[in-house]
Amino acid sequence: MGRVEIVASALIRTLRFTAALLLAPVVIPAQSAETGFLNRTTAVGDAQYRYQVYVPANYSSEQAWPVILYLHGVGERGNDGLRQTLIGLPAAIRTAAARYPAIVVMPQVPPDSNWVGAPGDAAMAALDRTLAEFRADSSRVYLTGLSMGANGAWNLAYRFPDRFAALVAVCGFVSSASPAVPGSKPAVPVDSGDAFATLARRLGSLPVWIAHGEIDPVVPVTESRRAAEALRAAGGNVRYVEYPGIGHGVWEPTYASPQLVEWLFAQRRSR
């Protein structure tokens, strides 16, 4: 074989190899999503509201994840986007993250405000943005809140009874404003008649878990007792847990309860 033939043969092999590379499928490494407690912002009208989203460390878009909307109490109000993660469900997640394999949305109420009204709208906007941002299971969207946040949770459940698969209300109030929360409002419109009966009719068969301390000095335990009684009378799906000898801070044993966790993630909203 002459020199020209050798060069030509080498050139042909090079061209074939290059063509094979060009035709081969390109494998792009999958990008890992952010996980942990993530800062986010949403707007309602001209007002900006900060919130956080907790994403489990093993999050993958290959599966649909449950989503929990969590509303904090009066002591965590602010504009820093952080205080709402210090107690309640966020604290329970930091203690035992594996117990809550879910995406958790944690909006924050501005100072001197409450969840009934624009901040409640902001909470729903944060939830909707999260459902669009991450791979979520739309049949397993849950709502929970403590104290003032439970009042807000009752209110959002009243306003959007078809959005959630279950509600967890911890030491919340329904029928009247709380002296501990200046400017607070009942969970249902004041002109709707008996607040508890109205709420029960509106929620229908929505699964509800209610927790309250027997000697709560901040929110009367009768608020949760009457809510549970009204739901039962209306044929609702309700579980009521009252902690004997405990005051207002029942969120720690509630969110640490294996029974609550098992019950919560078993609930699914029918399509």
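All residue numbers refer to position in the chain's written sequence, counted from 1. Owing to the predicted nature of the model, reporting of local features is limited to residues with pLDDT of at least 70; listing and counting of side-chain atom pairs is limited to 80 or more, with chain, interface and lining totals taken over all residues. As a rule here, side-chain values cover all heavy atoms of the structure and leave hydrogens and water aside.

J.: Sorry, what's going on with the nonpolar core here?
T.: In globular proteins that are soluble, nonpolar side chains generally tend to be buried together. Ranked by internal contacts, the top residues of the largest apolar core, which has 49 residues, are Leu-69, Leu-143, Trp-154, Leu-167, Leu-203 and Val-208. A run of H or I in DSSP becomes a helix once it reaches four residues, and a run of E becomes a strand once it reaches two; helices and strands are each numbered from the N terminus. At seven residues, helix H4 (residues 148-159) tops the list of elements feeding residues into this core. By the convention used here, residues are in contact when the closest approach between their heavy atoms is within 4.5 Å. The contact partners of Leu-69, leaving out residues within four places of it in the chain, are Val-105, Pro-107, Ala-123, Met-124, Leu-127, Tyr-142, Leu-143, Thr-144, Leu-156 and Phe-164. Nonpolar core, defined: a set of buried Ala, Val, Leu, Ile, Met, Phe, Trp, Tyr and Cys residues in which side-chain atoms within 4.5 Å join the residues together. Residue burial is assigned from relative accessible area. The probe radius is 1.4 Å, only protein chains are included, and a residue is buried under 20% of its type maximum, exposed over 50%, and partly exposed in between.

J.: Looking at this model, I keep getting lost on the sheet that holds strand S6 (residues 166-170). Mind explaining?
T.: Either a parallel or an antiparallel arrangement is found when strands of a sheet pair, and the pairing is made through backbone hydrogen bonds. Paired strands, as defined in this entry, are two strands with at least two bridges between them according to DSSP. Here we have eight strands laid out as an open sheet, ordered S1-S2-S4-S3-S5-S6-S7-S8, and mixed in their pairing. Both outer strands of the open sheet, strand S1 (36-44) and strand S8 (238-243), are each paired with one neighbouring strand and no more. Taking the axes of each pair of neighbouring strands and ignoring which way they run, one obtains an average angle of 20 degrees across the sheet. In this sheet, strand S4 (residues 103-107) lies alongside strand S3 (residues 65-71) in parallel orientation, the contact comprising three bridges. In the sheet register, Leu-69 faces S4, and the bridge partner there is Val-105. Against the sheet, H4 touches S3, strand S5 (136-146), S6 and strand S7 (208-213), its axis set at about 135 degrees to S5. In this analysis an axis means a line fitted to C-alpha atoms, helices contributing only their contacting stretch, and an angle means the value between N-to-C directions, from 0 to 180 degrees.

J.: Would you mind showing me how to read the pattern of salt bridges here?
T.: Opposite charge on two side chains makes pairing possible when the charged atoms of those side chains draw close. We count a salt bridge whenever a side-chain nitrogen from Lys or Arg sits within 4 Å of a carboxyl oxygen from Asp or Glu. As enumerated under the stated definition, the model contains six salt bridges in all. A salt bridge links Arg-159 to Asp-121, with the shortest nitrogen-to-oxygen separation between them at 2.6 Å. Of the two residues, Arg-159 is situated in helix H4 and Asp-121 in helix H3 (residues 118-133); the sequence distance between them amounts to 38 residues. Residue classification places Arg-159 among the partly exposed positions, given a relative accessible area of 30%. Where Arg-226 meets Asp-194, a salt bridge forms, and the shortest distance between an N and an O atom there is 3.7 Å. You can see Arg-226 sitting in helix H6 (residues 221-233) and its partner Asp-194 sitting in the loop between S6 and helix H5 (195-203), a full 32 residues away along the chain. The partly exposed category is assigned to Asp-194, whose relative accessible area is 41%. Within the structure, one salt-bridge network assembled from shared partners comprises Glu-34, Arg-40 and Glu-133.

J.: Would you explain the pairing of S7 in this entry?
T.: Regular strands place side chains that alternate from one sheet face to the opposite one. Across the six residues of S7, six count as buried, placing the element largely inside the fold. Neither face of S7 is left uncovered, since the one carrying Val-208, Ile-210 and His-212 and the one carrying Trp-209, Ala-211 and Gly-213 both have all their residues buried. When S6 meets S7, the two strands line up parallel, connected through four bridges. The residue of S7 that forms the bridge with Ala-169 is Ile-210. Tracing the backbone out of S6, into H5 and back to the parallel element S7 gives a crossover that is right-handed. Each parallel crossover has a hand, and the one from S7 via H6 to S8 is right-handed. Crossovers are described as right-handed under a simple rule: with the strands pointing away from the observer, the path leading from the first strand over the helix to the second runs clockwise.

J.: Help me understand the packing of H5 against H6 in this model?
T.: Between two packed helices, what matters for the description is the angle formed by their axes and the separation of those axes. Orientation of H5 relative to H6, taken along the N-to-C sense of each, is 50 degrees, at an axis distance of 8 Å. Between H5 and H6, the angle falls in the class oblique. Between H5 and H6 lies a crossing of right-handed hand. Across the interface between the two elements, Phe-196, Ala-197, Ala-200 and Leu-203 from H5 touch Glu-223, Arg-226, Ala-227, Ala-230 and Leu-231 from H6. For this classification, the nonpolar set comprises Ala, Val, Leu, Ile, Met, Phe, Trp, Tyr, Cys and Pro, the charged set comprises Asp, Glu, Lys and Arg, and every other residue, Gly included, is treated as polar. Tallied by class, residues from the contact of H5 with H6 come to seven nonpolar, no polar and two charged. Each angle receives one of four descriptions, namely roughly parallel if under 35 degrees, roughly antiparallel if over 145, roughly perpendicular if within 65 to 115, and oblique otherwise. Each helix crossing is assigned a hand: it is left-handed if the near helix lies turned anticlockwise from the far helix by less than a right angle, otherwise right-handed if that turn is clockwise.

J.: Help me understand empty space enclosed by the protein, please; the structure alone is not making it clear to me.
T.: Which parts of space are left empty comes out when a probe the size of a water molecule is rolled across the atoms. Only protein atoms enter the 1 Å grid used here. Points where a 1.4 Å probe fits but cannot escape make up a cavity, open sets with protein on both sides within 12 Å along at least five of seven lines make up a pocket, and a residue lines them when an atom lies within 4 Å of a point. Grid points are joined across faces, edges and corners, and a volume is the space filled by probe spheres set on the points. In total, this model carries one cavity of 30 Å³ or more according to the counting rule given. In this model, the largest cavity occupies a volume close to 50 Å³. Lining the largest cavity, in full, are Ile-68, Leu-89, Tyr-100, Thr-144, Val-168, Tyr-255, Leu-260 and Leu-264.

J.: Before we go on, may I ask you to explain the confidence of the model for the protein chain in this structure?
T.: Interpreting fine coordinate detail is not advised for predicted regions of low pLDDT. Confidence of the predictor at the level of single residues is given by pLDDT, which spans 0 to 100. In the predicted model, the protein chain carries a mean pLDDT of 90, and 88% of its residues have values of at least 70. Low pLDDT, under 50, characterises residues 17-22; the predicted model gives this stretch zero contacts beyond four residues in sequence or across chains.

J.: What am I meant to see in the side chain of Asp-216 here?
T.: Tracing the chain through its elements places Asp-216 in the loop between S7 and H6. Buried charge Asp-216 goes without a salt bridge, the closest partner of opposite sign being Arg-225 at 11 Å. Polar contact criterion, stated in full: a pair of N or O atoms within 3.5 Å, where within protein one must be able to donate a hydrogen and the other to accept it, and residues adjacent in sequence count only if both atoms are side-chain atoms. Within the structure, Asp-216 has its side chain in polar contact with the backbone nitrogen of Val-219 (distance 3.0 Å). A residue counts as positive if it is Lys or Arg and as negative if it is Asp or Glu; His and the chain ends are not included.

J.: Help me out: how do you make sense of the environment of Ala-33 in this one?
T.: The topology assignment puts Ala-33 in the loop between helix H1 (3-23) and S1. For the pair Ala-33 and Asn-58, spaced 25 residues apart in the sequence, the C-alpha separation amounts to 9.5 Å.

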